[in-house]
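One-letter residues, chain by chain:
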Amino acid sequence: MTPATYTLPELTGASDADLARAFDAILHSLSREAHDVETPEQLEHFRVRWFGDKAGLINKGAASFVRLAHDKRLAGNTFKQVKESAEQLYSELTSTIQRTDLLSKKLGATLADDRASASIDLTLPGTRRSIGVEHPLTRTMREMTAVFAALGYSVRVGPEVETDFYNFEALNFPPNHPARDTQDTLVVAGQEAKPLRERLLMRTHTSPVQIRSMVANAPPLRIVIPGKVHRNDESDATHSPIFHQVEGLCVDTDITFSDLKGTLDYAMKAFFGSSVKTRFFPSYFPFTEPSADVQISCPFCGGKGCRKCKHSGWIELLGCGMVNPAVFAAVDARRIENGLEPAYDTKKISGFAFGMGVERIAMMKYGVGDIGQFYSGDLRFLNQF
Ligand code: PHE
């Protein structure tokens with residue numbers, strides 16, 4: 001900043017012209033000095049010099065002109081205008097300085113960082129970035145899907161918000177059938193005006209993707225369906241209203257129950273280890289007939305009995321069965337509605353389906369006691385995988 005140069009003039013005369021010149025000179029000097037202000041400290045110095053209560057050039061100097069003037073009223077008004085212009089200029093200057101000061105502080109910080117990095121010791125080991133791990137549920141789904149992919153199954157997925165038709169009707173759950181109660185369905189609100197089959201709900205299983213795939217594609221079909229499903233279940237150590245399933249469907253000529261048994265026996269051995277055995281028990285699902293529940297010999301104790309298999313030596317793992325002819329009939333009816341040829345004539349083709357819960361398998365495999373841990377996002381849990 002160049003040194004302040006302005007000093008109050010000795011007024012030689014007190015004419016209006018003399019006063020006008022003096023006021024002009026004040027404003028002129030003020031704006032020239034303002035031009036040189038660059039830092040908050042200089043701004044403060046400038047403020048005191050010009051606007052200070054007693055010794056400030058505006059109050060002390062300019063006001064003294066007024067006292068000398070012949071026409072005090074005119075001089076007073078001029079003084080007021082000069083003061084307003086001066087204050088306007090000062091407030092603009094203040095905001096400019098504040099902005100510049102902030103910027104230079106930021107810039108200073110960056111420069112300081114640069115200086116710090118210049119002193120980094122390049123021989124020290126670097127900071128290792130953790131890239132995370134695959135979530136145990138994703139991993140279980142992927143590994144199970146891969147077992148079937150290796151058998152020639154292709155992966156299919158479908159929507160989580162489904163219609164009653166795909167989730168129930170086509171899977172042979174008639175309206176009001178008690179089997180619907182076993183699914184604890186979460187329905188989308190405000191659907192009452194639609195026909196039942198078009199009403200939306202959260203899919204309760206991955207089986208609707210069986211229907212969607214058969215409606216879209218004629219046999220042969222071998223598909224594996226990983227996905228998220230929803231049920232109105234109370235959360236506890238083994239239940240969650242949102243969970244995952246892996247489902248499979250095989251449709252072709254001459255598919256029999258022994259194909260189903262052989263496929264699942266092979267898949268369980270591929271997933272859990274070649275020493276596991278499987279056994280099948282009669283069960284019920286509306287969309288398979290006959291239906292079965294499958295147990296595997298405990299992969300942890302080899303069937304001797306341990307905590308994981310609740311000392312029975314066996315663990316129940318999946319549901320399965322031969323595709324119910326009623327399902328094929330519903331698929332063909334929908335294909336015809338969609339302008340496609342019917343393709344699922346039960347005199348020529350047959351199929352099997354199976355479905356399993358991913359959380360259940362992952363809990364068993366990794367020894368997880370509480371299903372909620374999968375969804376907690378707690379790194380202390382997730383870091384163990
Ligand atoms: N969809 C059934 C369920 O969620 C499981 C299943 C799938 C059973 C395929 C048999 C065949 O309970």
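Residues numbered from 1 in each chain as written. Predicted model: local features only at pLDDT ≥ 70, side-chain atom pairs only at ≥ 80, totals over all residues. Heavy atoms only, no water.

### Topic: the packing of aromatic side chains
Logical step 1: The tally for this structure, following the rule as stated, stands at 16 aromatic pairs.
Logical step 2: Plain terms: the ring middles of Phe46 and Trp50 are 6.4 Å apart, the flat faces sit at 40 degrees to each other, and that makes the pair tilted. Placement of both Phe46 and Trp50 in helix α2 (residues 40-51) is noted, with a separation of four residues, approximately one turn of the helix.
Logical step 3: Owing to a relative accessible area of 0%, Trp50 belongs among the buried residues under this scheme.
Logical step 4: Clustering of aromatic rings is evident, with ring pairs tying together Phe46, Trp50, Phe51 and Tyr90.
Logical step 5: The lysine or arginine in question, Arg212, covers the ring of Tyr166, its NZ or CZ lying 4.1 Å from the ring centre.
Logical step 6: For the cation-ring pair, Arg279 lies above Trp314, with the distance from its terminal atom to the ring centre recorded as 4.0 Å. (Phe/Tyr/Trp six-rings, centres within 6.5 Å; stacked < 30°, edge-to-face > 60°. Helix = DSSP H or I, 4+ residues; strand = E, 2+ residues; numbered from the N terminus. Buried < 20%, exposed > 50% of the residue type's maximum accessible area, 1.4 Å probe, protein only. Lys NZ or Arg CZ within 6 Å of the ring centre and 35° of its normal.)

### A word on the environment of Gln183
Logical step 1: Mapped onto the secondary structure, Gln183 falls in the loop between α6 (164-167) and β3 (200-202).
Logical step 2: The spacing of Gln183 and His230 is 47 residues in sequence and 9.2 Å in space, taken between C-alpha atoms.
Logical step 3: When neighbours within four sequence positions are excluded, Gln183 is seen to be in contact with Phe168, Phe173, Thr204, His205 and Arg231.
Logical step 4: Side chain to side chain, Gln183 and Thr204 meet in a polar contact 2.5 Å long. (Contact = heavy atoms within 4.5 Å. Polar contact = N/O pair within 3.5 Å; in protein donor to acceptor, adjacent residues only side chain to side chain.)

### Remarks on the side chain of Ser291
Logical step 1: For Ser291, the position within the fold is in strand β7 (residues 288-297).
Logical step 2: A relative accessible area of 6% means that Ser291 is categorised as buried.
Logical step 3: A polar contact of 2.6 Å, which involves the side chain of Ser291, links it to the side chain of Thr288.
Logical step 4: Excluding its chain neighbours within four sequence positions, the residues that come into contact with Ser291 are Phe281, Pro282, Ser283, Tyr284, Phe285, Cys320 and Gly321.

### Points about the sheet that holds strand β9 (residues 349-357)
Logical step 1: Sheet architecture is open: seven strands sit in the order β1-β4-β5-β9-β8-β7-β6, paired in mixed fashion. The open sheet terminates on both sides in strands that have one partner only, identified here as β1 (154-155) and β6 (278-285).
Logical step 2: Two strands pair when backbone bridges link them, and β6 and β7 are joined in this way by seven bridges, in the antiparallel orientation. In the sheet register, Ser283 faces β7, and the bridge partner there is Ser291.
Logical step 3: Sitting on the sheet, helix α8 (residues 257-272) is in contact with β6, β7, β8 (314-323) and β9, with an inclination near 145 degrees to β8. (Pairing = 2+ DSSP bridges. Axes fitted to C-alpha atoms, helices over the stretch in contact; angles between N-to-C directions.)

### Some points on the pattern of salt bridges
Logical step 1: Tallied over the entire structure, the rule returns 14 salt bridges.
Logical step 2: Of the charged contacts in the structure, one is a salt bridge between Arg47 and Glu44, with a shortest N-O distance of 2.9 Å. Of this pair, Arg47 and Glu44 both sit in helix α2, three residues apart, which is roughly one turn of that helix.
Logical step 3: Judged by relative accessible area, which is 38%, Glu44 ranks as partly exposed.
Logical step 4: The residue Glu337 makes a salt bridge to Arg334 at a minimum N-O spacing of 3.4 Å. Placement of both Glu337 and Arg334 in helix α9 (residues 325-337) is noted, with a separation of three residues, approximately one turn of the helix.
Logical step 5: Glu337 sits in the exposed class, given a relative accessible area of 52%.
Logical step 6: For Arg334, a relative accessible area of 14% translates into the label buried.
Logical step 7: The network of salt bridges with shared partners includes Glu169, Arg197, Arg334 and Glu337. (Salt bridge = Lys/Arg side-chain N within 4 Å of Asp/Glu carboxyl O.)

### A look at the layout of surface pockets
If a probe as big as a water molecule is rolled over the atoms, it shows which places are left empty.
Logical step 1: Within this model, the largest pocket holds a volume of roughly 1,400 Å³.
Logical step 2: Around the largest pocket sit 48 residues that line it, and Thr238, Glu316, Leu317, Gly357 and Arg360 are the ones nearest its centre.
Logical step 3: Where the lining of the largest pocket is concerned, the elements lending two or more residues are β5 (242-253), β6, β7, β8, β9 and α10 (358-366).
Logical step 4: With eight residues, β8 is the single largest residue contributor to the lining of the largest pocket.
Logical step 5: A per-class count over the lining of the largest pocket returns 21 nonpolar, 17 polar and 10 charged.
Logical step 6: The volume enclosed by the second largest pocket comes to roughly 290 Å³.
Logical step 7: Considering the residues around the second largest pocket, the lining is formed by 17 residues, among which Asp164, Arg180, Val187, Leu196 and Arg199 are closest to the centre.
Logical step 8: Taken together, the residues of the lining of the second largest pocket break down into eight nonpolar, four polar and five charged. (1 Å grid on protein atoms, 1.4 Å probe; cavity = no way out; pocket = protein on both sides within 12 Å on 5 of 7 lines; lining within 4 Å. Points joined across faces, edges and corners; volume = space filled by probe spheres on them. Nonpolar A, V, L, I, M, F, W, Y, C, P; charged D, E, K, R; others polar.)

### Quick look at the nonpolar core
Logical step 1: Membership of the largest hydrophobic core comes to 43 residues, with the highest contact counts inside it found for Phe148, Leu264, Met268, Phe272, Leu317 and Met356.
Logical step 2: Counting residues per element, the ones that place at least two in this core are α5 (136-149), β5, α8, β7, β8, β9, α10 and α11 (379-382).
Logical step 3: Looking at this core element by element, the count peaks at six residues for α8.
Logical step 4: The contact partners of Leu317, leaving out residues within four places of it in the chain, are Met268, Phe272, Val294, Gln295, Ile296, Met356, Gly357, Arg360, Ile361 and Met364. (Core = buried A, V, L, I, M, F, W, Y, C linked by side-chain atoms within 4.5 Å.)

### With respect to α9
Logical step 1: The end-to-end C-alpha distance of α9, which contains 13 residues, comes to 19 Å, matching closely the 18 Å that a straight helix rising 1.5 Å per residue would cover.
Logical step 2: Buried residues of α9: Val327, Phe328, Ala330, Val331, Asp332, Arg334 and Arg335, and no others.
Logical step 3: On its buried face, α9 is in contact with α6, α7 (208-216), β5, β8 and β9.
Logical step 4: The distance from a side-chain oxygen at the start of α9 to the backbone nitrogen of Ala326 is 2.9 Å, and the residue carrying that oxygen is Asn324.
Logical step 5: Immediately beyond the C-terminal end of α9, within one or two residues, lies Gly339, with a positive phi of roughly 80 degrees. (Expected span 1.5 Å × (residues − 1).)

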